[in-house]
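Each chain is listed here by its residues.
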Amino acid sequence: MAVSMRDLDPAFQGAGQKAGLEIWRIENFRPVPIPKSSYGKFFTGDSYVVLKTTSLKSGALRHDIHYWLGKDTSQDEAGAAAIKTVELDAALGGRAVQYREVQGHETEKFLSYFKPCIIPQEGGVASGFKHAEAEEHQTRLFVCKGKHVVHVKEVPFARSSLSHDDIFILDTKSKIFQFNGSNSSIQERAKALEVVQYIKDTYHDGKCEVAAIEDGKLMADADTGEFWGFFGGFAPLPRKTTTDEDKIADSPTKLFWVEKGQAEPVDTDSLTRELLDTYKCYILDCGLEVFVWMGRNTSLDERKVASGAAEELVRGADRPKSHIIRVIEGFETVMFRSKFESWPETTDVAVSEDGRGKVAALLRRQGVNVKGLLKAAPAKEEPQPYIDVTGNLQVWRVDGKDKVLLDASDHSKFYGGDCYIFQYSYPGEDKEEYLIGTWFGKKSVEEERASAISLASKMVESLKFLPSQARIYEGNEPIQFLTILQSFIVFKGGLSTGYKNYIAETELPDETYKEDSVALFRVQGSGPDNMQSIQVEPVASSLNSSYCYILHNDSSVFTWSGNLTTSDDHELVERQLDLIKPNVQSKPQKEGSESEQFWDLLGGKTEYPSQKIGREAEKDPRLFSCTFSNGNLKVAEIYNFTQDDLMTEDIYILNCHSEIFVWVGQEVDSRSKLHALTIGEKFLENDFLLEKLSRETPIYIVMEGSEPPFFTRFFEWDSAKSAMHGNSFQRKLAIVKNGGTPIVDKPKRRTPVSYGGRSSVPEKSQRSRSMSFSPERVRVRGRSPAFSALAANFENPNARNLSTPPPVVRKLYPRSVTPDSAKQASKSAAITALSASFEQPPPARQVIMPRSVKASPERPKSTPEKSTPESNNKENSISSRIESLTIQEDVKEGEVEDEEGLPIFPYERLKISSTDPVTEIDVTKRETYLSSAEFREKFGMAKDAFYKMPKWKQNKLKMALQLF
């Protein structure tokens, strides 16, 4: 597309050079930039152009252009905004995606720029702006819709505006009410609270009360009565009627090509890429989305005409929700490409910097700084592990349905025909953190892969489902795994029963590594804390000029250095040599001056490559909410995500391309938790972003409250938020009422550690990988006072089976030491005596470790685990049963919910002797106002078990805890 000086509006010169937002308002049909202090303020009588520039990890800049049309804007201004958007795209090189945004029906991507919401104000530049701040506060009623972003619309202040399906915010002079329709979801209610906080801060200077009103609770409290008083008293809500705005355009997909301003239908039975001509513009009408596709060789005027044709297509009262999205050939969105039955991986489009280059030249002549307009060089960064490397590591090899514990000296030696399980514990903020994972060799058998998943599931269960989990395939190891092992060697063949049986059945040659055979290893890595040796075929074609190699037979050892290697690479070879062939003198070989003996061992000299073997690069992370039902996975992208977008009732996938994370909220039901790994596998299989994701991409499963640092690094993370009680709505309500701060007494963070290598903190740097857990260390935290005393009578810390470290229980509400805590010991003894007489072990529960649906059956209980030689020890057996009882006792927490509608208060405010007692509660049932977790901590059992007891037993326990 030719770019001339007349195509460049002066207001757009220099736009899009750095990451961030830029906004122009259309005034007299010209774009006028507005100050940053006014970003997010829109007037209903105006049209705006919004440019979002994103800096990608590749170094390039991505542009998204939106033009927003207020409900009262004139048709001429709306047309000017559409045309100016096309011109802005031309100024940016013709690569931006362009979106039409209509007030009240904005895209989620647009709203994500202005979280938590936008509330357009009446007026505009033509009619003169209203200054609400100078007027007396007016009571207003808003309706809120949306689970991930919130569409806010002001509605008439009348009872008839309310409904059971939506959430409403009543903004009065002294108090903000949120009315939760009975059919609204918890997630929608939580998101609406962010709007309440915004209104509180914006229109009340953060100084007003907030109240939540539940639909159907009638006159339950003073706030409810006050709310209905604004509407003249309570009355049943009217049944919601369907309006034109509620209708969704549902029509078959149609393709049009634009000729002389008219949309002409294309006669075709199926949509294929070949239908699109680079010299034409097309309109793809999908109902809710209307795409305008512009060929690279179309003129600016042709693109403007095509945009006008699309506007005409959706104009009318029957399509208020339709979005117009304009894409350029070669830069189509995933959603657009997914509408076609076939779309080639690459097209014959000559994509160049021509457009940007011409624009840049024009701007340079005007003295404009064009830095950033052209594609920047990719920033080369060494990947960081973001995990403490001073922890304790254990590794097992899977053998059939069992696992065999490896000696510390063999932790880093894996075989490509085997499967392995690893467990790594490391210091977290206020507790020990765990990472449990499986590693599958390229030639491992399916049965042992399934066994590995099943065995890892049991390990996670024994640690109360708190560890993060990893599924890793050979050749796709993430940096965290490699750094934990530090030195990683992959041998050919296998030692497991499954691999040997496979070799015997298929009559294939056994290539298992032997020290006296000819073997060739490629050495790679970034330093002593991250180095690998991979056994490859012992032939010359396996060499590569970018690597160093170790070659040996029974009597000789050679090291070979490619011409493109560095001194750091040579150092890694020496270190790896000490592990593969220690105490043997090697014969150094440089590329181009090798000895005959060297080539003889490789079977002769042949050609070999010189380009470094590439690994999947980490891309800009993208977050998706997931719905998994009947084996089908549906995802919805969350744009410009933050930690607040992670709802405790849902499962999310964070896609980084080189690895994916499956985040599981605490309130997710047990059945869905079962499928966490399957959800990750389905995401890779479906390849929703059409980016050719490998099915062997590493998958991490992250449980809420136990997020590892290599996950939280993608957010501005606040650990206190993930440590809160209750559902998403209850948590955010507590934050809003507390002035925006999570109500959690959180311990101070540990001294920061170095994620790039060993810790620089003296006391941590002296920790040893091989150190065992101290016998004096508290093995299980978080038990109830009654159960702790019971367990102490049977538990012998010296008889602990050290092949599996003890479980560590995360405290949802970590508390600092208070004066009352000193009294807890005496109370614990009393509670122990009372509860021990009637506390019965609960029944065994269902395993809720996320695992693949294709896992193999559990191994019989009679099959001994080869890694636990002390399993016959009686003391250890008793200790194991006590640990199992602890797990079974604690798990019932999720089985009984708190009584619906009752607020939750901390124990210190509910007890009789409290210095700050709670008022307006039923004092005969103080225990019902405790959260499920705190109830268990104090009483040693779940609420349902407590209420099954005789009344006299309940009262004795309550008296011991000063609740009666």
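Rules of the game
- Residues numbered from 1 in each chain as written.
- Predicted model: local features only at pLDDT ≥ 70, side-chain atom pairs only at ≥ 80, totals over all residues.
- Heavy atoms only, no water.
- Helix = DSSP H or I, 4+ residues; strand = E, 2+ residues; numbered from the N terminus.
- Buried < 20%, exposed > 50% of the residue type's maximum accessible area, 1.4 Å probe, protein only.
- Contact = heavy atoms within 4.5 Å.
- Areas by Shrake-Rupley, 256 points an atom, 1.4 Å probe, with all protein chains shown as cover.
- Phe/Tyr/Trp six-rings, centres within 6.5 Å; stacked < 30°, edge-to-face > 60°.
- Lys NZ or Arg CZ within 6 Å of the ring centre and 35° of its normal.
- Axes fitted to C-alpha atoms, helices over the stretch in contact; angles between N-to-C directions.
- Left-handed = near helix turned anticlockwise from the far one by under 90°.
- Polar contact = N/O pair within 3.5 Å; in protein donor to acceptor, adjacent residues only side chain to side chain.
- Core = buried A, V, L, I, M, F, W, Y, C linked by side-chain atoms within 4.5 Å.

**Comments concerning the overall build of the protein chain**
Item 1. The number of helices and strands found in the protein chain is 25 helices and 34 strands.
Item 2. With 964 residues in all, the protein chain has 52% of them scored as buried.
Item 3. Sequence separation of 24 or more characterises 70% of the internal contacts of the protein chain that already satisfy a separation of 6 or more.
Item 4. Summed over all atoms, the accessible surface of the protein chain reaches about 44,700 Å², with 50% contributed by carbon and sulfur.

**Section: the packing of aromatic side chains**
Centre-to-centre distance and the angle between the planes together describe a pair of aromatic rings.
Item 1. Considering all chains together, one arrives at 56 aromatic pairs under this definition.
Item 2. The ring of Trp343 has Arg273 sitting right over it, with the charged end atom 5.4 Å from the ring centre.
Item 3. If you follow Lys280 out to its NZ or CZ, it ends over the ring of Trp257, 4.4 Å from the centre.

**Details of unusual backbone geometry**
Item 1. At the junction of Lys115 and Pro116, the peptide bond is cis and its omega measures out at 5° in the coordinates.
Item 2. Examined against the element boundaries, Pro116 turns out to sit in the loop between helix H2 (108-112) and strand E6 (123-124).
Item 3. Positive phi is not limited to glycine here, since Lys464 has a value of about 60°.
Item 4. Along the chain, the position of Lys464 falls in the loop between helix H8 (446-462) and strand E23 (468-473).
Item 5. For Lys464, a relative accessible area of 13% gives the class buried.
Item 6. Even without glycine at this site, Asn630 takes up a positive phi of about 55°.
Item 7. Tracing the backbone through its elements, the reader meets Asn630 in the loop between strand E30 (622-629) and strand E31 (632-638).

**Re the packing of helix H1 (residues 75-91) against helix H5 (residues 300-314)**
Item 1. H5 packs onto H1 with a crossing angle of 140° between their chain directions and a minimal axis gap of 10 Å. Relative to H5, the crossing made by H1 is right-handed. Contacts from Ala82, Ile83, Val86, Glu87, Asp89 and Ala90 of H1 reach H5 at Leu300, Arg303, Lys304, Ser307 and Glu311.

**Details of the side chain of Ser542**
Item 1. For Ser542, the position within the fold is in the loop between strand E26 (530-536) and strand E27 (548-552).
Item 2. Reaching out from Ser542, the side chain makes a polar contact with the backbone oxygen of Glu537 at a distance of 2.8 Å.

**Looking at the nonpolar core**
Item 1. The biggest cluster of nonpolar side chains holds 53 residues, and the ones touching the most others in it are Phe481, Leu654 and Phe661.
Item 2. Each residue touching Phe481, except ones within four places of it in the same chain, is listed here: Phe414, Phe422, Trp439, Ile472 and Phe488.
Item 3. Formed by 35 residues, the second largest nonpolar core is a distinct cluster that contains Leu455, Ile653, Val662 and Leu689.

The quantities given are spatial measurements derived from coordinates; they are silent on function.
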